[in-house]
Amino acid sequence: MSGATSSASLQTFTQEEDDRKDIWIFGYGSLVWKADFPFVEKRTGYIKGFLRRFYQNSIDHRGTAERPGRVVTLIQSEDLESKVWGMGYRIGAEETSQVLEHLDHREKNGYERHRVKFHPHPWSAEQMNEPQPILLYVATQDNPSFAGQSDTLEAIAEQILTSAGQSGRNPEYVYKLAEAMRQLYPGEQDEHLFELEKLLLQRDPQAQAVPRKPDPTAEGDTNRSEVSKEG
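No experiment lies behind these values; they were computed from the predicted model shown. (Residues numbered from 1 in each chain as written. Predicted model: local features only at pLDDT ≥ 70, side-chain atom pairs only at ≥ 80, totals over all residues. Heavy atoms only, no water.)

Caption draft 1: Looking closely at the pattern of salt bridges. Using the criterion set out here, one finds 12 salt bridges in the structure. Taking the shortest distance from any N to any O, the salt bridge between R106 and E107 comes out at 3.1 Å. Taking the relative accessible area as the measure of exposure, E107 reaches 15% and is therefore buried. A network of salt bridges, in which partner residues are shared, links D22, E41 and R90. (Salt bridge = Lys/Arg side-chain N within 4 Å of Asp/Glu carboxyl O. Buried < 20%, exposed > 50% of the residue type's maximum accessible area, 1.4 Å probe, protein only.)

In structure tokens form, the structure reads like this:
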């Protein structure tokens, strides 16, 4: 990523500086709904100055080398106040090396570690509320699996519909992420994600068999601090 400014800048992460203290890791893709590593606590919130986009090919988790799928990465937004909602996980100091080694392997297909500022939300009487430095993985635009920013949502949807990898069908990745966003952050909009979900639901013959949870906005607001403490 280039042209970083102000709060939207990505800082290169060096593990040595955090070997003896807890760190926070930000999930904005599948880590929003599933963390496959040990953590001390998790916290809902957002980072600023970025956009979540399905601009990264997946040749392992949601696709193959012959038929790549699509997963999310981050690109910088012209609006420094633009928010990407996700989940922050606090990793205990004694687990840091193990977790980072695991995530480095998991995100080996073009992702690199960076640090940004995490804004916890909503306010909680039981969890931290101050902005925190947080580690995340971003697919660099010069990595071999970066798919570019020129494809239409229709083209991305068609690619996703025919892809599957070791973690399952590519469409399910989109459905689970969209559902997590609605459940954890009712009322917040991610037009790129929700429009892609809509296109897939219209075209995916298997989607009709998948039960969908109701949108919390239709049933009143949900306390996101309480949701964030679930297992």
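Caption draft 2: Expanded view of the environment of N57. Within the element layout of this structure, N57 appears in strand β4 (residues 50-58). With a relative accessible area of 16%, N57 lands in the buried category. Excluding anything up to four places from it in sequence, N57 contacts P68, G69, R70, N109, S145, A147 and Q159. Of the polar contacts made by the side chain of N57, one reaches the side chain of R70; its length is 3.3 Å. (Helix = DSSP H or I, 4+ residues; strand = E, 2+ residues; numbered from the N terminus. Contact = heavy atoms within 4.5 Å. Polar contact = N/O pair within 3.5 Å; in protein donor to acceptor, adjacent residues only side chain to side chain.)

Caption draft 3: View of the packing of helix α3 (residues 170-184) against helix α4 (residues 191-203). One can describe the packing of α3 onto α4 by two numbers: an axis separation of 10 Å at closest approach and a directional angle of 130 degrees. On the basis of the axis angle, α3 is oblique to α4. Relative to α4, the crossing made by α3 is left-handed. Where α3 abuts α4, its residues P171, V174, Y175, L177, A178, M181 and R182 lie against L193, F194, L196, E197, L200 and L201. Split into classes, the residues belonging to the contact of α3 with α4 amount to 11 nonpolar, no polar and 2 charged. (Axes fitted to C-alpha atoms, helices over the stretch in contact; angles between N-to-C directions. Parallel < 35°, antiparallel > 145°, perpendicular 65-115°, else oblique. Left-handed = near helix turned anticlockwise from the far one by under 90°. Nonpolar A, V, L, I, M, F, W, Y, C, P; charged D, E, K, R; others polar.)

Caption draft 4: Fine view of helix α2 (residues 153-161). What α2 keeps buried is the set I156, A157, I160 and L161. One side of α2 carries all its buried residues, which in axial view fall inside an arc of 135 degrees. If you follow the buried residues of α2, they end up packed against β4, β5 (69-76), α3 and α4. (Arc of directions from axis to C-beta.)

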